[in-house]
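The residues making up each chain are set out below.
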Amino acid sequence: MLTLRKASERGAANHGWLKSFHTFSFANYRNPREQGFSDLLVINDDRVAAGKGFGQHPHRDMEIFSYVLEGALEHKDTLGTGSVIRPGDVQLMSAGSGVAHSEFNHSDSRPVHFLQIWIVPDVSGAKPRYQQEHFSTQKKRGRLQLIISPDGAQGSLKVRQDARVYAGLIDGKESATLELAANRYAYVHVARGSVELNGLSLQEGDGVRVREEQLLTLSNGVDAEVLVFDLRPQELPEMP
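The structure displayed is predicted, hence computed values, not measured ones.

### Section: unusual backbone geometry
Then comes step 1: The phi dihedral of A27 falls on the positive side, at around 50°, and the residue is not glycine.
Then comes step 2: A relative accessible area of 47% means that A27 is categorised as partly exposed.
Then comes step 3: One non-glycine residue, N183, lies in the positive phi region at around 65°.
Then comes step 4: With respect to the helices, strands and loops of the structure, N183 is situated in the loop between β16 (176-179) and β17 (185-197).

### Examining the UniProt feature "domain: Pirin N-terminal" (unreviewed entry) in the chain
Then comes step 1: Mapped onto the present numbering, the UniProt feature "domain: Pirin N-terminal" (unreviewed entry) falls at residues 10-119.
Then comes step 2: Measuring from the first to the last C-alpha atom of residues 10-119 gives 19 Å, for a span that is 0% helix and 57% strand.

### Some details on the environment of R30
Then comes step 1: Inspection of the secondary structure assignment puts R30 in the loop between β3 (18-22) and β4 (40-48).
Then comes step 2: When the C-alpha positions of R30 and D122 are compared, they lie 25 Å apart, and in sequence the two are 92 residues distant.

### Considering the pairing of strand β10 (residues 99-105)
Then comes step 1: Burial of β10 is extensive: six of the seven residues sit out of reach of the surface.
Then comes step 2: As paired strands, strand β5 (residues 53-59) and β10 are joined by five bridges and run antiparallel to one another. Bridge assignment links H57 to a residue of β10, and that residue is H101.
Then comes step 3: As judged from the five bridges shared by strand β7 (residues 73-77) and β10, these two strands associate in the antiparallel manner. Pairing of K76 across the sheet is with S102, part of β10.

### Section: the sheet that holds β10
Sheets are built from strands paired through backbone hydrogen bonds, the pairs being either parallel or antiparallel.
Then comes step 1: Overall, antiparallel pairing links the four strands, which are arranged β5-β10-β7-β8 in an open sheet. Edge strands, defined here as strands with exactly one partner in the open sheet, are β5 and β8 (82-85). If you compare each strand with its neighbour and ignore which way they point, the axes differ by 20° on average.
Then comes step 2: In this sheet, β8 lies alongside β7 in antiparallel orientation, the contact comprising four bridges. In the strand pairing of β8, K76 is matched with G82.

### Section: the UniProt feature "domain: Quercetin 2,3-dioxygenase C-terminal cupin" (unreviewed entry) in the chain
Then comes step 1: Per the UniProt record, "domain: Quercetin 2,3-dioxygenase C-terminal cupin" (unreviewed entry) is annotated on residues 146-231.
Then comes step 2: Along residues 146-231 the backbone is 0% helical and 63% strand, and the end-to-end C-alpha distance reaches 14 Å.

### Topic: the layout of surface pockets
Then comes step 1: In this structure, the largest pocket occupies an estimated 260 Å³ of space.
Then comes step 2: Secondary-structure elements contributing two or more residues to the lining of the largest pocket are β2 (11-14), β3, β4, β5 and β11 (112-119).
Then comes step 3: Counted by class, the lining of the largest pocket contains eight nonpolar, eight polar and two charged residues.
Then comes step 4: Quantified by volume, the second largest pocket comes out at close to 190 Å³.
Then comes step 5: What lines the second largest pocket is a set of 18 residues, among which T137, K140, L169, R192 and E225 lie closest to the centre.
Then comes step 6: Secondary-structure elements contributing two or more residues to the lining of the second largest pocket are β6 (63-70), α1 (137-140), β15 (164-170) and β20 (215-231).
Then comes step 7: Grouping the constituent residues of the lining of the second largest pocket by class yields eight nonpolar, four polar and six charged.

### What about the packing of aromatic side chains?
Then comes step 1: Per the counting criterion, the structure on display carries five aromatic pairs.
Then comes step 2: Relative to Y185, the ring of F37 lies with its centre 5.2 Å away and its plane at 5°, an arrangement referred to as stacked. One end of the pair, F37, is in the loop between β3 and β4; the other, Y185, is in strand β17, and 148 residues separate them in sequence.
Then comes step 3: You can call Y185 buried: its relative accessible area is 14%.
Then comes step 4: Ring plane angle 55° and centroid distance 6.1 Å describe the contact between F37 and Y187, whose orientation is recorded as tilted. Separated by 150 residues along the polypeptide, F37 in the loop between β3 and β4 and Y187 in strand β17 bring together distant segments of the chain. For the pair F37 and Y187, a shared accessibility class is recorded, and that class is buried.

Conventions adopted
Residues numbered from 1 in each chain as written. Predicted model: local features only at pLDDT ≥ 70, side-chain atom pairs only at ≥ 80, totals over all residues. Heavy atoms only, no water. Buried < 20%, exposed > 50% of the residue type's maximum accessible area, 1.4 Å probe, protein only. Helix = DSSP H or I, 4+ residues; strand = E, 2+ residues; numbered from the N terminus. UniProt positions renumbered as here; feature names shortened; annotations may be inferred. Pairing = 2+ DSSP bridges. Axes fitted to C-alpha atoms, helices over the stretch in contact; angles between N-to-C directions. 1 Å grid on protein atoms, 1.4 Å probe; cavity = no way out; pocket = protein on both sides within 12 Å on 5 of 7 lines; lining within 4 Å. Points joined across faces, edges and corners; volume = space filled by probe spheres on them. Nonpolar A, V, L, I, M, F, W, Y, C, P; charged D, E, K, R; others polar. Phe/Tyr/Trp six-rings, centres within 6.5 Å; stacked < 30°, edge-to-face > 60°.

Dropping the structure here:
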């Protein structure tokens, strides 16, 4: 069963220097029917103006990863990490017992466009950690590349949860498939372009909850970049 969440239905925030779309409830956007899906809690589609960004702020007990689509994102945290994240890079910060970080547009002349995604961990109070890895265009072209997993398989980043994240680039006659284990959920997010999921047409910013499906096929893409989340089969309760 595929349940479409259209891009136009997302929450939106415009702070001038930051334009953001929220797939799930976040900050001032509250939708009792959109509180996340399984252990996937946040997908924020952020565009930050040149030279601007998020000042230092704390996190705790959350797996937070950034996926840059355009431009460059500068990261600093209280673990002593400092890095610049560019397209193809995946950065995963496990906040654990507590960490503070800042994120700024690395450029003084160009905007940065990135996704920030939160996954609920399966353990509380763990030691904070930081990981970053580059996944080339070639690894994602016409296929789904594993970028995040519990065990670091295929060079992926290790997440503290029974969740796997795949990234793919689909264009023209290219297609990619993912076979889910029995009784798994999935969430598909179109980061840019357009694509079909099992025949369902999707546009940039669209998302799909996947239940009771074991084979996912992405095809007929037009410059599409897609993230696929393989998740535990559990439902979050609606908020009043």
